[in-house]
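# Overview (structure and organization)
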Amino acid sequence: MVEMKRRNSIYIRLLKLLVIAAVLSSVYFVVIHSLGTLIVDEFYADSDYINDKDEAYIERLQMYVTKGHIKSKDTDLLNQWTQKQKFVAIQVFHDDILTYDSDYPDEKNIWEEGIKKNFYDWDKYFTVIFQDGECDVSIYGRYFYQFYNYAFLIEILLTVVVFLLVVILGIRRSIHYIQKLANEIEILESGNLEYPITIQGKDELTVLARGLDNMRKSFRSQEEKKEKLIRLNQKLVTEMSHDLRTPLTSIMIYTEILKNEKYKDEAQRKKYFEKISQKAHYMKRLTDNLFEYSLIDSEQEVLLEKPMKFQTAFYDLMSESCTYLRQNSFQVQTDFNWKDCQVQIYTDYVIRIFDNILSNILKYADPNEEIKISSVYQEGYAGFCFQNKKKILIKKENSTQIGIPNIVRMISRMKGICEVKEEDNNFIIYIYFYTGK
């Protein structure tokens, strides 16, 4: 998985976004709070709202006093009225002496202190008729506080909205990307593995998208391999059917001739028996190769043996192979440089690989030219190179076309590499075994 820088993490970006949103919403709150306070102040300064409210409360007080036959010194009854009003405070003056103050409800005999009425220009008094005569009432309304509270509540709500808008705008791109990925995953689920996953950005979503796209490519590759394998198997079955039908037909013909004794002499009879034997051996070799192909294909996992030195693993096998070729009248030139490295192999596969290579040499190599065998190396691998000149075929040899594919499949099962080259009249095959370095 591709490493992601910490600063590109969704967590870091989200934290930065929240800080930015908090700063912007705070600045916004300060601005609209000042503006809201100014609007409320101007409203009270330019309207008769306070005066209208004062007069309304004085009318209520007059009705209450008249109905209850209340005197200016009935402190408990006046306390009951002011407590119900919540937003007002009053002072009652009888003959310019304070007889009741709602700010001091527990003062039952406040008139005994002889507090006189102040005559300031900003003071405003209303006349209320009590049971004991006319009195001057000063009223102080706190009803304008509720408008400041309402304004403050609206400011808080607007600030929260601004905060959420900034956050939503900040994560909008990521949300759209998530929605896009969800739609693309649905496309993949429908079976369309050709549709690429969109990769953008540098955060966790990018890593996820890259992983999904790699998985898509892997599935597509597996499907392509599967389809290719099916095509190869179909082709193999078709070719093998044809290859088996030809010698089988010949065997049936020769068998019918021998059965009906339609031969000229003993020499011709022996010749027909020899033909039958050759065709039978060819069919056996054909079925053996087919069995080997299907066996390799069915083996899901190969348990490699413990690592061993390269020379130890192949020295005896290479000696036997060279001896076998020489016994079959081939000239063999060897060049082995046994490096100090270790390989892991599966002996059964190695024997099959060398049998196939030697069989191909015996069948197709020119016996008048040298067979060159050498050790070869590349990073992480050690192996051998077999090189021979192809002989000129007078008639076409029957070929199963399975030998080389079998070698390639067995080598790959051992984590190795097989390369085949045909240059002019030269046939070269490289087999590399994994060294783990």
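Structure: see above.
What comes next is a walk through the structure. (Residues numbered from 1 in each chain as written. Predicted model: local features only at pLDDT ≥ 70, side-chain atom pairs only at ≥ 80, totals over all residues. Heavy atoms only, no water.)

## Quick notes on the overall build of the chain
So the rule is basically this: Helix numbers and strand numbers start at the N terminus; a helix is a DSSP run of H or I with at least 4 residues, a strand a run of E with at least 2. Buried means the residue's accessible area, taken with a 1.4 Å probe over protein chains only, is under 20% of the maximum for its type, while exposed means over 50%, and partly exposed covers the values in between. Contacts are assigned to residue pairs that have any heavy atoms within 4.5 Å of one another. Accessible surface is estimated by sampling points in the Shrake-Rupley manner with a 1.4 Å probe; for residues, cover comes only from the protein chains shown.
The number of helices and strands found in the chain is nine helices and 11 strands. Burial status across the chain gives 34% buried among its 437 residues. Of the contacts made within the chain by residues no fewer than 6 positions apart, 69% connect residues no fewer than 24 positions apart. Accessible surface for the chain amounts to roughly 28400 Å². Of this, 55% is attributable to carbon and sulfur atoms.

## Describing unusual backbone geometry
Backbone geometry follows two general trends: most residues other than glycine have a negative phi, and most peptide bonds adopt the trans configuration. A positive phi is found at Asp95, a non-glycine position, where the angle reads about 55°. In this fold, Asp95 is placed in the loop between β1 (88-94) and β2 (97-101). Taking relative accessible area as the criterion, Asp95 reaches 60% and is therefore assigned exposed. In this model, Asp96 sits at a positive phi of 65°, which is unusual for a non-glycine residue. Turning to its location among the elements, Asp96 is positioned in the loop between β1 and β2.

## With respect to the environment of Gly403
Summarising the element assignment, Gly403 is placed in helix α9 (residues 403-413). The spacing of Gly403 and Asn356 is 47 residues in sequence and 6.0 Å in space, taken between C-alpha atoms.

## Some points on the sheet that holds strand β10 (residues 417-423)
Keep this limit in mind: Strand pairing is assigned whenever DSSP detects at least two bridges linking the two strands. Lines fitted to C-alpha atoms define the axes here, with helix axes fitted over just the stretch in contact, and angles between the N-to-C directions of these axes take values from 0 to 180 degrees.
Spatially, β6-β8-β9-β11-β10 is the arrangement adopted by the five strands of the open sheet, whose pairing is mixed. Looking at which strands have only one partner, the edges of the open sheet turn out to be β6 (332-335) and β10. Direction aside, the axes of adjacent strands within the sheet are offset by 20° on average. Inspection of the sheet shows strand β9 (residues 381-389) paired to strand β11 (residues 426-434) by nine bridges, in the antiparallel sense. Paired with Lys389 across the bridge in β11 is Asn426. Of the strands in this sheet, β6, β8 (371-378), β9 and β11 touch helix α7 (residues 310-327), which is tilted by about 10° from β9. Running over the sheet, α9 touches β10 and β11 and is turned about 20° from β11.

## Structural notes on the packing of aromatic side chains
Put simply, the rule is: In this analysis, rings of Phe, Tyr and Trp, with Trp reduced to its six-membered ring, are considered paired at centre separations within 6.5 Å, and the interplanar angle assigns stacked below 30 degrees, edge-to-face beyond 60, and tilted for intermediate values. Any Lys NZ or Arg CZ that is within 6 Å of a ring centre and within 35 degrees of that ring's normal is treated as a charge sitting over the ring.
Per the stated rule, a full pass over the model turns up 18 aromatic pairs. Between Trp338 and Phe384, the ring centres sit 5.9 Å apart and the planes meet at 70°, which makes this aromatic pair edge-to-face. Taken as a pair, Trp338 in the loop between β6 and β7 (342-343) and Phe384 in strand β9 lie far apart in primary sequence, 46 residues in all. Phe384 gets classed as buried once you look at its relative accessible area, which sits at 0%. Through a chain of ring-to-ring contacts, three or more aromatic side chains come together here, namely Phe310, Phe314, Tyr315, Phe336, Trp338, Phe354, Tyr377, Phe384, Phe386 and Phe433. Here the basic side chain of Arg60 rests over the ring of Tyr57, its NZ or CZ set 4.7 Å away from the ring centre. Here the basic side chain of Lys339 rests over the ring of Tyr377, its NZ or CZ set 4.6 Å away from the ring centre.

## Section: the sheet that holds β1
Pairing within the open sheet is antiparallel, and its four strands lie in the order β2-β1-β4-β3. Two strands bound the open sheet, and with one partner strand each, they are β2 and β3 (126-130). The mean angle between the axes of side-by-side strands here comes to 35°, regardless of whether they run parallel or antiparallel. Summarising the sheet, β1 and strand β4 (residues 133-141) pair through six bridges and their orientation is antiparallel. Considered in β4, the bridge of Ala89 is made with Tyr140. Lying over the sheet, helix α2 (residues 49-68) contacts β1, β3 and β4, oriented at roughly 10° with respect to β3.

## What to know about the pattern of salt bridges
Let me state the cut-off plainly: A pair is scored as a salt bridge if a Lys or Arg side-chain nitrogen falls within 4 Å of a carboxyl oxygen belonging to Asp or Glu.
If you walk through the whole model with that rule in mind, you get nine salt bridges. The partner of Asp76 in a salt bridge is Lys108, with the nearest N and O atoms 2.3 Å apart. On the criterion of sequence distance, the pair formed by Asp76 in helix α3 (residues 75-85) and Lys108 in the loop between β2 and β3 is long-range, its members being 32 residues apart. Note on Asp76: relative accessible area 44%, which makes it partly exposed. Put simply, Asp348 and Arg352 hold a salt bridge, and the shortest N to O gap is 2.8 Å. With a gap of four residues between them, Asp348 and Arg352 both fall in helix α8 (residues 347-364), about one helical turn apart. Take Arg352: its relative accessible area is 13%, and that puts it in the buried class.

## Looking at a negative patch on the surface
Keep this limit in mind: Only residues whose relative accessible area exceeds 30% and that take part in no salt bridge are eligible for patches, with like-charged residues grouped when within 9 Å of each other and nonpolar side chains (Val, Leu, Ile, Met, Phe, Trp, Tyr) grouped when within 5 Å. Positive charges are assigned to Lys and Arg, negative charges to Asp and Glu, while His and the chain termini are left out of the count. To locate a charge, take atom NZ for lysine, CZ for arginine, CG for aspartate or CD for glutamate.
A cluster of acidic residues, Asp48, Asp52, Glu55 and Glu59, forms a negative patch at the surface. In this fold, Asp48 is placed in the loop between α1 (10-46) and α2.

## What about the pairing of β9?
In terms of residue burial, β9 counts as a mostly covered element, since seven of its nine residues are buried. Turn length for the β8-β9 hairpin, with the two strands adjacent in sequence and antiparallel, is two residues, and the turn residue Gly380 shows positive phi of about 85°.

## Section: the packing of α8 against α9
For the record, the criterion: Here is the rule for angles: anything less than 35 degrees is roughly parallel, anything more than 145 is roughly antiparallel, 65 through 115 is roughly perpendicular, and the remaining ranges are oblique. Handedness of a crossing is defined here by the sense of rotation of the near helix relative to the far one, left-handed for an anticlockwise turn of less than a right angle and right-handed for a clockwise turn. Nonpolar residues are Ala, Val, Leu, Ile, Met, Phe, Trp, Tyr, Cys and Pro. Charged residues are Asp, Glu, Lys and Arg, and all others, Gly as well, are polar.
Packing of α8 against α9 leaves a shortest axis separation of 10 Å and a crossing angle of 155°. Looking at the two axes, α8 sits roughly antiparallel to α9. Relative to α9, α8 is oriented so that their crossing is left-handed. Packed against α8, whose contacting residues are Tyr349, Arg352, Ile353, Asn356, Ile357 and Asn360, the element α9 presents Gly403, Ile404, Asn406, Ile407, Met410, Ile411 and Arg413 at the interface. Grouping the amino acids of the contact of α8 with α9 by side-chain chemistry returns seven nonpolar, four polar and two charged.

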